[in-house]
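Coordinate inspection notes
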Amino acid sequence: MLRALRAYPALLRIGFAAVVAYRAELVVWILTASMPLIMLGVFDRVADAGPVAGLDHAGVAGYFVAVLIVRQLASTWLVWELNQQIRTGALSAALLRPLHPLVWHSAETLATVPLRVVVLAPLLLPIWLWRPELQLALDPASLLVFTASVVLAWGVNFAVHTAFASLAFWLGQSMGLFQVWFGVWVLFSGYAIPLGAMPEWAQLFAEWAPFRAIIGIPADVLSGRVTLAHAPQLLAVQALWLCAFAALGGALWRRGVRRYEGQGA
Amino acid sequence: MSDARRVRPILRALGASWRAAWMTALAYRANFLADAVVTLFAAGATVLPVLFVFHGQETIAGWTASEALLVTGAFVVLQGLVEAAVEPNLRGLVDDIRFGTLDYVLLRPVDPQLLVSFRRLVPQRLVYSVGGFVILGVAASRLPEPPGLWAISAALTLLGVGAAVMYALWLLVVSTAFWFVRVDNLSYLLTSAMDAARWPIDVFRPVFRVLFSVVVPLGLMTTTPALALRGVLEPTSALSGLGVAVVFCAVSRAVWVRALRHYSSASS
């Protein structure tokens, strides 16, 4: 644990060097997360007939700006990377290192954050110029809650990715399964549709499902739709999902590594 | 006569590789069936976002939910076609350029563009298009005035036109591989931008149409067939759609020809 902490700054530096080296490719990957822009266009029109789920034009713009930000900050490519490493046997070399491969992957993911912010800025600026009245909750208390919420969201996402990627130890390839999760996630996380705008049965499902812990909750916090009194409850929901998926992902990983039969294992 | 002599070999070559693709897919029958069921579910799931967005809304930008589902259905049909016949080929092209194996294609006595574009087929993905037609059928039957034979044939023609534009866009993007080599992720960017074509183009304000400028022709391609089925398509916009398709195909062909000259093969 201590060793991981001491190595972490170096890992971040290595990860960042890789980001700089492959910047053009990464920028394109980052831009593929354009669905909130499309849905902003759709809901901006819907808001013509009056507020949707309490969101007027400025509210819709604020919500999807928050979604774009959260999506970039709480993002990871772990399931793709691990699937490939497991299938090709590249994981063997990673397992030989004195550091846990997941620590290494987490540093790799975090090292992409600066580039993600740089790519986001030119996307968000035109939206802000277009709807200058859009508001984000940027007072210190809300920002503190948002930071906690987005860190938890990243944690849940990373744990979910670990769990799905670990299935590849048994299946050889778990991308198909992850795509199913992703499809449901798009609909019920608040990523494409603000949860309040959905029919009641869908809202009920979304409330009890883990998806909103990754996008919906931090996005609501950042777009100022969560009162400070309500915030602890939402953070607790995220923390619970984090524990659940960390336990599941950890268990699957440990059992999976034991039966890993890649080249060199 | 000379044209016929050039066309027949390529048709025979493509026919042979498509037959082979079908035989491979059907050889694993259980897998094919399971895949088909999952794919149909995925196609059906594309209805959900439309229903959610229309929750509590009578119309959006002049479209009812059923009418908007026509656009979604058209989009799913086109996407299935792209994933079955275009994407596997043009993603493969990027590798062929990188490894120099495009030589084997260029050596053959048929038009390389056609061979490169259509030699691979993933029959499983055609099931997705079938799902799109089911959505189209259900949505059309819920219209106040179900479309007549004339409207249906117009819509099918326009869908074909849309497929041509989709193909031309892909060819344009992939042709850049001759200069930049690694562009496989550009094709993912194209796929994600195309998502805008799920919605009637009227929904987006002019600002957004600029933002999705690449997608605009596509938006038209999914919206015009829907307009035809609703029976409100102006003949002029059908014709302009046709014009756009011709321009796109011509430009992509010109770019392809130029790009091919840039190919530094493995053997020369």
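Located above this text is the structure these notes cover.
All figures in this text were calculated on a predicted structure; none of them were measured in a lab.

Some thoughts on the overall build of chain B
Across its full length, chain B holds 13 helices and 0 strands. Computed over its C-alpha atoms, the radius of gyration of chain B comes to 20 Å, within 12% of the 18 Å expected for a compact globule of 268 residues. Along the first, second and third principal axes, the C-alpha set of chain B runs to 65 × 45 × 40 Å. Taking all 268 residues of chain B together, 49% fall into the buried category. Summarising the internal contacts of chain B: among those between residues at least 6 apart in sequence, 78% fall at separations of at least 24. Charged side chains in chain B number 21 positive and 15 negative. The centres of these two groups are separated by 9 Å.

Quick word on the overall build of chain A
Helix and strand counts for chain A come out as 14 helices and 0 strands. Taken from the N to the C terminus, the helices and strands of chain A come in the order α-α-α-α-α-α-α-α-α-α-α-α-α-α. Counting only C-alpha atoms and orienting by the principal axes, one finds that chain A spans roughly 60 × 40 × 30 Å. In chain A, which comprises 265 residues, the share counted as buried stands at 52%. Expressed as a percentage of contacts within chain A between residues at least 6 apart in sequence, the contacts between residues at least 24 apart total 80%.

Here's the deal with the pattern of salt bridges
The full count for this structure, using the stated rule, is 13 salt bridges over all chains. Where A:Arg45 meets A:Asp48, a salt bridge forms, and the shortest distance between an N and an O atom there is 3.3 Å. In this structure, a network of salt bridges that share partners links the residues A:Asp44, A:Arg45, A:Asp48, A:Arg131 and B:Arg205.

Considerations on the nonpolar core
Counting 144 residues, the largest nonpolar core has A:Phe43, A:Ile127, A:Trp181, A:Ile193 and B:Val53 as its most contacted members. The greatest single-element share of this core, amounting to 15 residues, is contributed by helix H4 (residues 65-99) of chain B. Sequence-distant contacts of A:Trp181, defined by excluding residues within four places in its chain, comprise A:Val160, A:Phe164, A:Pro210, A:Phe211, A:Ile214 and A:Phe245. Core analysis: the next-biggest nonpolar cluster, separate from the first, contains 6 residues, A:Leu11, A:Leu99, A:Trp104 and A:Ala107 among them.

Quick notes on the interface of chain A and chain B
Listed per partner, the contact involves 31 residues of chain A and 26 residues of chain B. Linking chain A to chain B there are 2 salt bridges. In this structure, A:Asp44 engages B:Arg205 in a salt bridge whose closest nitrogen and oxygen atoms are separated by 2.3 Å. There are 5 residue pairs in polar contact (both at pLDDT 80 or more) connecting chain A and chain B.

A closer look at a nonpolar patch on the surface
All names here are of chain B. Taken together, the side chains of Leu40, Val130, Val134 and Val138 make up a nonpolar region of the molecular surface, amounting to roughly 330 Å² of accessible area. Note on placement: Val130 falls in helix H7 (residues 123-141). With relative accessibility at 47%, the residue Val130 sits in the partly exposed group.

Observations regarding the side chain of A:Ser166
All names here are of chain A. Looking at the secondary structure, you find Ser166 in helix H9 (residues 140-166). The buried category is assigned to Ser166, whose relative accessible area is 1%. Contacts of Ser166, omitting those with residues within four sequence positions, involve Gly249, Leu252 and Trp253.

Description of the packing of aromatic side chains
All names here are of chain A. Considering all chains together, one arrives at 22 aromatic pairs over all chains under this definition. Arranged with centres 5.2 Å apart and planes meeting at 25°, the rings of Phe182 and Trp185 form a pair that is stacked. Within this pair, Phe182 and its partner Trp185 are both found in helix H11 (residues 175-188), separated by 3 residues, close to a single helical turn. Among the residues examined, Phe182 registers a relative accessible area of 24% and is labelled partly exposed. Relative accessible area serves as the criterion here: at 4%, Trp185 is assigned to the buried category.

A closer look at the packing of helix H5 (residues 78-88) of chain A against helix H7 (residues 101-110) of chain A
When two helices pack together, their arrangement is given by the angle between the helix axes and by the axis-to-axis distance. Residue and element names in this part refer to chain A. Running from N to C, H5 and H7 point in directions that differ by 135°, and their axes come no closer than 11 Å. With respect to each other, H5 and H7 are oriented oblique. With respect to the hand of their crossing, H5 and H7 are arranged in right-handed fashion. Taken together, the residues of H7 that come into contact with H5 (itself represented by Leu78, Glu81, Leu82 and Gln85) are Leu102, His105 and Glu108. Along the lines of polarity and charge, the residues of the contact of H5 with H7 split into 3 nonpolar, 2 polar and 2 charged.

Brief notes about the environment of B:Gly231
Within the fold, B:Gly231 resides in the loop between helix H12 (215-230) and helix H13 (235-261). Spatially, the C-alpha atom of B:Gly231 lies 9.8 Å from that of B:Ala155, the residues being 76 residues apart in sequence.

A short note on the environment of A:Ala66
Residue and element names in this part refer to chain A. Mapping Ala66 onto the fold places it in helix H4 (residues 57-73). As for Ala66 and Ala53, which are separated by 13 residues in sequence, their C-alpha atoms are 16 Å apart. When neighbours within four sequence positions are excluded, Ala66 is seen to be in contact with Ala219, Leu222 and Ser223.

Rules used in this analysis
- Residues numbered from 1 in each chain as written.
- Chains lettered and ligands numbered in written order.
- Predicted model: local features only at pLDDT ≥ 70, side-chain atom pairs only at ≥ 80, totals over all residues.
- Heavy atoms only, no water.
- Helix = DSSP H or I, 4+ residues; strand = E, 2+ residues; numbered from the N terminus.
- Rg over C-alpha atoms; globule rule 2.2 N^0.38 Å.
- Buried < 20%, exposed > 50% of the residue type's maximum accessible area, 1.4 Å probe, protein only.
- Contact = heavy atoms within 4.5 Å.
- Lys, Arg positive; Asp, Glu negative; His and termini not counted.
- Charge placed at Lys NZ, Arg CZ, Asp CG, Glu CD.
- Salt bridge = Lys/Arg side-chain N within 4 Å of Asp/Glu carboxyl O.
- Core = buried A, V, L, I, M, F, W, Y, C linked by side-chain atoms within 4.5 Å.
- Polar contact = N/O pair within 3.5 Å; in protein donor to acceptor, adjacent residues only side chain to side chain.
- Patch = residues over 30% accessible without salt bridge, like charges linked within 9 Å, V, L, I, M, F, W, Y side chains within 5 Å.
- Areas by Shrake-Rupley, 256 points an atom, 1.4 Å probe, with all protein chains shown as cover.
- Phe/Tyr/Trp six-rings, centres within 6.5 Å; stacked < 30°, edge-to-face > 60°.
- Axes fitted to C-alpha atoms, helices over the stretch in contact; angles between N-to-C directions.
- Parallel < 35°, antiparallel > 145°, perpendicular 65-115°, else oblique.
- Left-handed = near helix turned anticlockwise from the far one by under 90°.
- Nonpolar A, V, L, I, M, F, W, Y, C, P; charged D, E, K, R; others polar.

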